[in-house]
Amino acid sequence: MTPFQLLLAAAAVLVVLALVLRAGHRHAAAVVADPVRTPGVVNPAVTQENIGSTICRHGWTATVRPPVDYTNTLKRRQMRIYGETGPPSAYQEDHLISLELGGDPTDPRNLWPEPYPRASAVDAIENELNAKVCEGSLSLHDAQDEEAALKHRDG
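First, a word on what this report is: a plain description of the structure on this page. (Residues numbered from 1 in each chain as written. Predicted model: local features only at pLDDT ≥ 70, side-chain atom pairs only at ≥ 80, totals over all residues. Heavy atoms only, no water.)

**Observations regarding the environment of Tyr70**
Reasoning step 1: Here Tyr70 shows up in helix α3 (residues 68-82).
Reasoning step 2: Taking the C-alpha atoms as reference points, Tyr70 and Glu93, separated by 23 residues in sequence, lie 9.9 Å from one another. (Helix = DSSP H or I, 4+ residues; strand = E, 2+ residues; numbered from the N terminus.)

**A closer look at the pairing of strand β2 (residues 111-115)**
Reasoning step 1: Of all 5 residues making up β2, 5 are buried, and the element is well covered by its neighbours.
Reasoning step 2: Burial along β2 is two-sided: the face carrying Leu111, Pro113 and Pro115 and the face carrying Trp112 and Glu114 are both buried.
Reasoning step 3: Of the pairings in the sheet, the one linking strand β1 (residues 91-95) to β2 comprises 5 bridges and is antiparallel in character. Within the sheet, the bridge partner assigned to Asp94 lies in β2 and is Trp112. (Buried < 20%, exposed > 50% of the residue type's maximum accessible area, 1.4 Å probe, protein only. Pairing = 2+ DSSP bridges.)

**Quick look at the side chain of Glu147**
Reasoning step 1: Structurally, Glu147 can be placed in helix α5 (residues 140-153).
Reasoning step 2: Taking relative accessible area as the criterion, Glu147 reaches 1% and is therefore assigned buried.
Reasoning step 3: Setting aside chain neighbours within four positions, we find Glu147 in contact with His95, Leu96, Ile97, Ser98, Leu101, Glu126 and Leu129. (Contact = heavy atoms within 4.5 Å.)

**Observations regarding the pattern of salt bridges**
Reasoning step 1: Applying the stated rule across the entire model yields 6 salt bridges.
Reasoning step 2: Here Arg109 and Asp107 are joined by a salt bridge, their closest N and O atoms 2.6 Å apart.
Reasoning step 3: Bridged by salt links that share partners, the residues Asp94, Glu126, Glu147 and Lys151 form one connected network. (Salt bridge = Lys/Arg side-chain N within 4 Å of Asp/Glu carboxyl O.)

As structure tokens, this is what we get:
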């Protein structure tokens, strides 16, 4: 194989790879939480008055996070409902109202199959909203509304 042919082959591989990655990204971006199936549900044990002992306490979400067996089973069922056919490992069963903002841990109306890499990006947004609530610059209710609107609009 000549250097020119090798260069052409490498360029062809790069083009195919770029198309595959772009198609996968476009698919992931298209999955948004359905407001009918996944309206979001808050945890009644979390209120504006007790955020200091709940969502603003380091490690609190670990005390309410559902078991992986539960979320994996629900993820597979909801992927079928949402019409998603990718591998379950490409999705995170995410809380529409995150645990960091007082979302219900196990109610299926608060969980949905969110694709990676969007799921990871949204985790950072959830942490930012939690910080604003805990520092007092945003109310719990407003943060929950902002998060729900984001996930219903953008995924």
